[in-house]
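Letter by letter, the chains look like this.
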Amino acid sequence: MADHSVEITEGCRLPVLRRNQENEDEWPLAEILSVKDISGRKLYYVHYVDFNKRLDEWVTPDRLDIKKLQFPKKEAKTPMKNGLSGSRPSSPERDVKRKAESVSLATQVTAATPVPSLPASTEASQAALYTAIRDASFNIKSREEHEPLTSLTTNGTTSIQRHLIPPQPGRKRKNCGGTDEDSQDSSDGIPSAPRMTGSLVSDRSHDDIVTRMKNIGCIELGRHRLKPWYFSPYPQELTSLPIIYLCEFCLKYLKSLKCLQRHLTKCNLRHPPGNEIYRKGTISFFEIDGRKNKAYSQNLCLLAKCFLDHKTLYYDTDPFLFYVMTEYDPKGFHIVGYFSKEKESTEDYNVACILTLPPYQRRGYGKLLIEFSYELSKVEGKTGTPEKPLSDLGLLSYRSYWSQTILEILMDLKSENGERPQITINEISEITSIKKEDVISTLQYLNLINYYKGQYILTLSEDIVEGHECAMQKRHLRIDPKCLHFTPKDWSKRGKW
Ligand SMILES: [Zn+2]
């Protein structure tokens, strides 16, 4: 029990009882982010140090181990000047432990993550890479030397090896702001526009403790109830409500079920706005122009922010296209996830933010979104890469997608005249539209590259082959390029979006 004679204030650290995924009690160190008093009973908002922020929560005093209380160091009280809300780099390993909770995808707008280079990456990308497939005599490494490759044994739930790209601190992105004309009208239950603080403003000096804390308890979206993981700048009035209601088709937010029902009598949408550019079975993709459908795009960003930690909300949605994936039933086209993409990217980005909504996570939809993003790049005749750094869960899905896509190609290579099959990194990149750096980092991550007698050789162990085949059998959801009806636009020629 907490000893009430000691004041536990913001910035204090102490072990806090939580139940882990294995349903065991543990006492990780946590930081107190906020304290509130409800009729004389204190509640503490805690961030578990080294765990992802999505696990932050309000706890009762009996869960605090007050004997080990550490007071905040005076000089370094929750650094927040860089707009990252004082969040500490989370430990990949701890985060990976949490992966089973969900596989959502998130990328943030920040400086590009350096890709670890090959011993001589420039030569390697030009040099032919020899592949030794299955035939043990081609393997220059014996099978025992390879670590078992768990990353391909389960769909989307990779275990991560140690040489992961570390999380990068974010950089600010200028936001052109100003979208009052598109804020929701007041007739439908919510009197004001989303607040323009936190990640909505380019000047992050306003960033405060508020944006470190989840502010929305629950969102009802169609037949789903979603529990947000992170702060999202919905209007202040909504934050005191136990549930906010979203129209699942136009994503407008409403403060009560009654307001939603009234809205639904007027809202005719049964699918996202924009053009349906893909349909196969019950899966569709809609392309939404952030300029033409600004209100929808902004509402999508507000919803997405609930599940993306560092996402910069683009209140200026004009420079972006949004690709929303839906699943159809007789009631309509229900949003499953989306990704955004700059109309023009000078850095080969083919995805800005990407998210599978929690009810659909861990079912292969994340990889389907990624696959779709590369199919668009193939039509554009470009290679692409997601904006960096990827979130913990996003990196898992991308690693898995890249690994499977590259292994698929390597395993299809045929040997000629008993020679090892050959392929260059550039060729892999051209076939898949995966940017060269990501091809290289994936080959390294899979530990396939060996240097032997002056040549780079890719060695596919039986473990890798078996793991890959097993994973591909589980991958039921695939994009069928024949069902994509997409003509890329040359946005640079339009002068203005
Ligand atoms: Zn609506």
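Rules of the game
Residues numbered from 1 in each chain as written. Predicted model: local features only at pLDDT ≥ 70, side-chain atom pairs only at ≥ 80, totals over all residues. Heavy atoms only, no water. UniProt positions renumbered as here; feature names shortened; annotations may be inferred. Pairing = 2+ DSSP bridges. Helix = DSSP H or I, 4+ residues; strand = E, 2+ residues; numbered from the N terminus. Salt bridge = Lys/Arg side-chain N within 4 Å of Asp/Glu carboxyl O. Buried < 20%, exposed > 50% of the residue type's maximum accessible area, 1.4 Å probe, protein only. Donors = N, O, S within 2.8 Å, 3.2 Å for Na, K, Ca; no water. Tetrahedral: all angles 85-135°; square planar, octahedral: opposite > 155°, others 65-115°. Axes fitted to C-alpha atoms, helices over the stretch in contact; angles between N-to-C directions. Contact = heavy atoms within 4.5 Å.

- In the nomenclature of an unreviewed UniProt entry, the chain is known as Histone acetyltransferase KAT5 of Danio rerio.
- The record in UniProt for the chain states the following under Subcellular location (unreviewed entry): "Nucleus".

### Some remarks on the pairing of strand β20 (residues 449-452)
Next, step 1: Across 4 bridges, the pairing between β20 and strand β21 (residues 455-460) is antiparallel. Looking at β21, one finds that Tyr452 is bridged to Gln455.
Next, step 2: If you look at the hairpin formed by β20 and β21, you'll find 2 residues sitting between the two strands, and Lys453 has a positive phi there, around 50°.

### What about the pattern of salt bridges?
Side chains bearing opposite charge may pair, as long as their charged atoms lie close to each other.
Next, step 1: Summed over all chains, the structure comprises 21 salt bridges.
Next, step 2: For Arg19, the salt bridge is made with Asp25, and the minimal N-O distance between the two is 2.9 Å.
Next, step 3: Residue classification places Asp25 among the partly exposed residues on the basis of a relative accessible area of 45%.
Next, step 4: Glu287 is the salt-bridge partner of Lys489, the closest N and O atoms lying 3.9 Å from each other. Taken as a pair, Lys489 in the segment after α10 (462-474) and Glu287 in strand β13 (residues 283-289) lie far apart in primary sequence, 202 residues in all.
Next, step 5: Judged by relative accessible area, which is 35%, Lys489 ranks as partly exposed.
Next, step 6: Take Glu287: its relative accessible area is 10%, and that puts it in the buried class.
Next, step 7: One continuous salt-bridge network, built from bridges that share partners, spans Glu371, Glu408, Arg475 and Arg478.

### Focus on the coordination of the zinc ion
Next, step 1: Looking at the zinc ion, the protein donor atoms are Cys247 (SG), Cys250 (SG), His263 (NE2) and Cys267 (SG), and they sit 2.1 to 2.3 Å from it.
Next, step 2: Around the zinc ion, the 4 donor atoms sit at angles spanning 97 to 120°, and that spread fits a shape best called tetrahedral.
Next, step 3: Expressed as a motif, the donor residue spacing for the zinc ion is C-x2-C-x12-H-x3-C. Within this pair, whereas Cys247 is found in the loop between β10 (244-246) and β11 (253-254), its partner His263 is found in helix α4 (residues 257-266), the two being separated by 16 residues in sequence.

### Focus: the sheet that holds β11
Next, step 1: Read from one edge to the other, the open sheet built from 4 strands follows the order β9-β8-β10-β11, with strand pairing classed as mixed. Of all the strands in the sheet, just β9 (224-226) and β11 have a single pairing partner and so form its edges.
Next, step 2: Direction of pairing for strand β8 (residues 219-221) relative to β10: parallel, over a ladder of 3 bridges. Each residue of the ladder has a partner; that of Glu220, found in β10, is Tyr245.

### Quick word on the sheet that holds strand β12 (residues 275-280)
Next, step 1: Strand order in this open sheet of 5 strands is β12-β13-β14-β15-β17, and the pairing throughout is antiparallel. Across the chains shown, the open sheet's two edge strands, defined by having one partner strand only, are β12 and β17 (354-356). Across the sheet, the mean angle from the axis of one strand to that of its neighbour is 20°, orientation sign disregarded.
Next, step 2: As judged from the 3 bridges shared by strand β15 (residues 332-342) and β17, these two strands associate in the antiparallel manner. Note that in β17 the partner of Tyr338 across the bridge is Leu355.
Next, step 3: Lying over the sheet, helix α6 (residues 365-380) contacts β12, β13, β14 (320-329), β15 and β17, oriented at roughly 55° with respect to β15.

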